[in-house]
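Descriptive structure summary
Letter by letter, the chains look like this.
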Amino acid sequence: MTIKITHTRREGTLVEGTEKGDEAGKVLKRKEYGRRGGLAFRWGHDLQCWYLRHSRDHAADRWTVNKLRGYLEEAGYTVVVNIDDHKRRSYAEAEDERIERAEARAERFDGYAGNAASRAEGAYRAAHDIAEYMTGEPIKVGHHSERRHRRDVERMDDHMRRGIEESRKASYWADRAAAAERFEAFRRDPNRTLRRLEKLRKELRDIEKWQRGESACGFTRSTTPEGLATLATERDVVLEKIAFEEAVIAEAEARGFKAWGPDDFTKGDFVNAGGTWREVLRVNKKSVTVPHLLTRTGMAVMRSRDRECTAGTVYYGHPSPCKGGKRCTCDTQTLPYDAVRGWASSADIARLEATEPEPEAERTVCPHCKRVAKGEKRFSTARGMCTVCGYAKPQNFKAGPAPAPEAAEHQEQAEQAPPVEESAPVAETCPMCHSSQWHAEVRRCAHCHHAPEGKPTPASAPAAGENRQEDMALVLIASKNSRRSRKRALWAMTRREAQAVCGDPRTSGRSYMLTWTDRPGVEGADWEWVPDNGSLDPVLSDLGVTPRREWTAAPQAPAEAA
């Protein structure tokens, strides 16, 4: 039998001419392959052949190919190898496919989570039905009901355990779905893109050295015609990646992102990298040196004079390595430029510290200590700092300088004038469902249709890959200690709208809650319509949802569903 091993950058490493359960499959399943070892070939149901993971968009792993070829020839097979490292796809095409596959994973994992939640609900309901007929009496040993009583206890225990296990599965798949939904934002994050660009430029310099016959990374590459052709292909790939990532940075800068560098800082400036304004002690090529936060927490502004030597201090059971003295540098920290979130001059910081905070009623909830404070208003918008924990809001004063303090004669007029409501800060994620599909300009979420201020704007048409969210779902009401045999349905709406409605905290109380499903069963047998008393109409109005009282499982557009 002849087995063919092929590799292209577009398709990856494929093995054809063998089936899934034959003797060659045992060789391919060995976890000895890959660039770092420990990988096995997998059977692709769509490809109908074996493939090596992480081999696409890379040059052929000839060590793996030669090793597999030796194993197969020892087993008595005839092996044909065909490697073409020049046939490839564009980097943009590969990125688009990765994002599409992430969207498909999110949709698939969401279905897994929903199925697991349904199974958990069924298991809990079965355990509850068994417990409903048990009066709480102990097992009567020797009585004719002993066997039935023990069997019911075991069944109820099995149902509860299965319900707990399915609940864990639902939570696991829900987390996987959320991670897949954030994949595009992860890949397009400007700070990660900057770090990726730095590595790509280093790789380009190494390739150019190898083309000149010089050493890079501690070794040299072949300068034969075949080796130079391979290096030229690798150089084209790296250049294409650099151009793509630079376009991502340009797009982010058009949205307001700032790529910091050594030219933006001087000694004495202040940077914010996570809640504290810290003085710049030294400007380096790739970072800035600032005071360390190790022994000073809860400070909004930290200057050079606030530093303390950590000599003799024990942290988590380990003493500080600093010995003190004039050359002590243990209490400083270097921040890379991609970690900087805000810049301010010494004059800007002085103005912030001199500004009087608003009355407590006019402050906002601090994003840093909101859990500890339990919603208490501590953050002063005028100062840009929390009055308790010292959290300082990152701000780039180069883009908009801090306003000069008002004259004394105008302060009384400003105090007498009614307060002007400031527009809410632009959020990167939806405040309701924390989705990345939040549109800051129209202040509306394309995922759950949440619009916190003003009249809700009409929802846009679903994009490609979001048709699943436009399927119909049934919103049900569940009450505590309910003994009803059929589910109670309130409305029919899209999955997207049902997620927003059921996720709103106003739709649940101490004795009831709203839930939804897209597979309710048969009307009249499994569920029934119940009257709507209108108590949740404000929630529907705020979310811009128009429910229906007619069930159909066929997907419809939002306009038709209304």
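Throughout, residues of each chain are indexed from 1 in the direction in which the sequence is written. For this predicted model, a pLDDT threshold of at least 70 governs which residues receive local features, and a threshold of 80 or more governs which side-chain atom pairs are given and counted, while totals over whole chains, interfaces and linings are taken from all residues. As a rule here, side-chain values cover all heavy atoms of the structure and leave hydrogens and water aside.

The subject of this paragraph is the pairing of strand E20 (residues 472-479). Paired strands, in this sense, are two strands between which DSSP finds at least two bridges. Comment: elements are numbered from the N terminus, with helices defined as DSSP H or I runs of at least four residues and strands as E runs of at least two. By the bridge criterion, 6 bridges tie E20 to strand E21 (residues 487-494) in an arrangement that is antiparallel. For Leu 476, the partnering residue across the bridge sits in E21 and is Ala 489. Here E20 runs beside strand E22 (residues 512-517); their pairing, made up of 6 bridges, is antiparallel. Counterpart to Val 475 in the pairing with E22 is Trp 516.

Moving on, we come to the nonpolar core. Put simply, a nonpolar core is a bunch of buried Ala, Val, Leu, Ile, Met, Phe, Trp, Tyr and Cys residues held in one set by side-chain atoms that sit within 4.5 Å of each other. Only protein chains enter the accessibility calculation, which uses a 1.4 Å probe; a residue whose area is less than 20% of its type maximum is buried, one above 50% is exposed, and one in between is partly exposed. Counting 20 residues, the largest nonpolar core has Phe 265, Val 271, Trp 277, Val 288, Val 301, Ile 349 and Met 385 as the members making the most contacts within it. Only strand E6 (270-272), strand E9 (287-291), strand E14 (342-344) and helix H8 (346-354) provide two or more residues apiece to this core. In contact with Val 271, not counting residues within four places along its chain, are Phe 265, Thr 276, Trp 277, Arg 278, Val 280, Val 290, Leu 335, Val 340 and Gly 342. Core analysis: the next-biggest nonpolar cluster, separate from the first, contains 17 residues, Ile 3, Val 15, Trp 50 and Leu 68 among them. Any two residues whose heavy atoms approach within 4.5 Å are treated as being in contact.

As summarised here, the arrangement of the 5 strands in space is E3-E4-E2-E1-E5, forming an open sheet in which the pairing is mixed. Taken across any chain shown, the strands that pair with only one partner, and hence form the sheet edges, are strand E3 (42-44) and strand E5 (78-84). Neighbour-to-neighbour, the strand axes of this sheet turn through a mean angle of 25 degrees, independent of strand direction. As paired strands, strand E2 (residues 12-16) and strand E4 (residues 49-51) are joined by 2 bridges and run antiparallel to one another. For Val 15, the partnering residue across the bridge sits in E4 and is Trp 50. Only the stretch in contact is used when a helix axis is fitted, and all axes are lines through C-alpha atoms; the angle between N-to-C directions ranges over 0 to 180 degrees. Sitting on the sheet, helix H2 (residues 62-74) touches strand E1 (2-8), E2 and E5, and the angle it makes with E5 is about 165 degrees.

Here we take up the packing of aromatic side chains. Classification of ring pairs uses Phe, Tyr and Trp, with its six-membered ring standing for Trp, and accepts pairs whose centres are within 6.5 Å; under 30 degrees between planes counts as stacked, over 60 as edge-to-face, and the remaining range as tilted. Summed over all chains, the structure comprises 13 aromatic pairs. Judged by centre distance (6.3 Å) and plane angle (50 degrees), the rings of Phe 379 and Tyr 391 are tilted. With Phe 379 in strand E16 (residues 377-380) and Tyr 391 in the loop between strand E17 (385-386) and helix H10 (408-416), this residue pair connects regions lying 12 residues apart in the sequence. Within the aromatic cluster, the residues linked to one another by ring pairs are Phe 109, Tyr 112, Tyr 172 and Trp 173.

Here the focus is the packing of helix H3 (residues 91-132) against helix H4 (residues 146-181). Where H3 meets H4, the axes come as close as 7 Å, and the angle between the chain directions of the two elements is 160 degrees. Classed by the angle they form, the pair H3 and H4 counts as roughly antiparallel. Between H3 and H4 lies a crossing of left-handed hand. In terms of residue class, the contact of H3 with H4 is built from 22 nonpolar, 3 polar and 10 charged. Just so you know how the angles are binned, under 35 degrees is roughly parallel, over 145 roughly antiparallel, 65 to 115 roughly perpendicular, and the rest oblique. In this scheme the handedness of a crossing depends on how the near helix is turned from the far one: anticlockwise by less than a right angle means left-handed, clockwise means right-handed. All residues other than Ala, Val, Leu, Ile, Met, Phe, Trp, Tyr, Cys, Pro, Asp, Glu, Lys and Arg, Gly among them, are scored as polar; the first ten of these are nonpolar and the last four charged.

This part is about a negative patch on the surface. A patch consists of residues exposed above 30% relative accessible area that lack any salt bridge, with like charges linked at up to 9 Å and nonpolar side chains (Val, Leu, Ile, Met, Phe, Trp, Tyr) linked at up to 5 Å. Each accessible area is a Shrake-Rupley estimate made with a 1.4 Å probe; only the visible protein chains count as cover when residues are assessed. Salt bridge, as used here: a side-chain nitrogen of Lys or Arg that lies within 4 Å of a carboxyl oxygen of Asp or Glu. This count recognises Lys and Arg as positive and Asp and Glu as negative, with His and chain-terminal groups excluded. A charge is said to be at NZ when it belongs to Lys, at CZ for Arg, at CG for Asp and at CD for Glu. A cluster of acidic residues, Asp 96, Glu 100, Glu 103 and Glu 184, forms a negative patch on the protein surface. When residues in the negative patch are grouped by element, the largest group, 3 residues, is from H3. Mapped onto the secondary structure, Glu 103 falls in helix H3.

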